Amino acid sequence: MMIEGLPFQAVTVKLPKTTLLAVANQSGYIMCGALDVRLLNDQLADRGIIAGKAVGVRTLEELLNAPLAEVTAEAEKRGIQAGMTGREALLKMV
């Protein structure tokens, strides 16, 4: 998937009663509500994961346009904030 001329990998996984969505590049990713930000911040903090979560999304397009509900501490260091769209967050990950 290209966003403003930049390449990202988009993944949709259809599961029973839910769909997992993620868009990533080499630096970080955004994901649907299945992402456990607290786990990334607490138990995996040493990995410095740059990620954000949007809830209530059902398509990749919705994931890109939805406001992020939560972001990791490492994402915040990069200027990524809860409330910005997934697209805005991804563009700060390049």
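Scroll up to find the structure.
Residues numbered from 1 in each chain as written. Predicted model: local features only at pLDDT ≥ 70, side-chain atom pairs only at ≥ 80, totals over all residues. Heavy atoms only, no water.

Draft legend 1. Local environment of the pairing of strand 6 (residues 50-53). Neither face of strand 6 is exposed, since Ile50 and Gly52 on one face and Ala51 and Lys53 on the opposite face are all buried. In this structure, strand 5 (residues 28-31) lies alongside strand 6, joined through four bridges in parallel fashion. Within the sheet, the bridge partner assigned to tyrosine 29 lies in strand 6 and is alanine 51. You can see the chain leave strand 5, run along helix 1 (residues 37-42) and come back into strand 6, and the turn it takes is right-handed. Pairing geometry for strand 6 and strand 7 (residues 70-71), over two bridges, is antiparallel. Bridge pairing in strand 7 links glycine 52 to valine 71. (Buried < 20%, exposed > 50% of the residue type's maximum accessible area, 1.4 Å probe, protein only. Helix = DSSP H or I, 4+ residues; strand = E, 2+ residues; numbered from the N terminus. Pairing = 2+ DSSP bridges. Right-handed = clockwise from strand over helix to strand, strands pointing away.)

Draft legend 2. The arrangement of the nonpolar core in detail. Residues Val23, Ile30, Leu63, Ile80 and Leu90 are the most contacted members of the largest nonpolar core, which totals 29 residues. The residues contacting leucine 90, other than those within four sequence positions of it, are Ile3, Phe8, Val23, Asn25, Ile30 and Leu64. (Core = buried A, V, L, I, M, F, W, Y, C linked by side-chain atoms within 4.5 Å. Contact = heavy atoms within 4.5 Å.)

Draft legend 3. Main features of the pattern of salt bridges. Under the definition given, this model contains three salt bridges. The residue glutamate 61 makes a salt bridge to arginine 87 at a minimum N-O spacing of 3.4 Å. Placement of glutamate 61 in helix 2 (residues 60-65) and of arginine 87 in helix 4 (residues 86-92) is noted, with a sequence separation of 26 residues between them. Overall, the relative accessible area of 46% leaves glutamate 61 in the partly exposed class. In this structure, glutamate 74 engages lysine 77 in a salt bridge whose closest nitrogen and oxygen atoms are separated by 3.4 Å. (Salt bridge = Lys/Arg side-chain N within 4 Å of Asp/Glu carboxyl O.)

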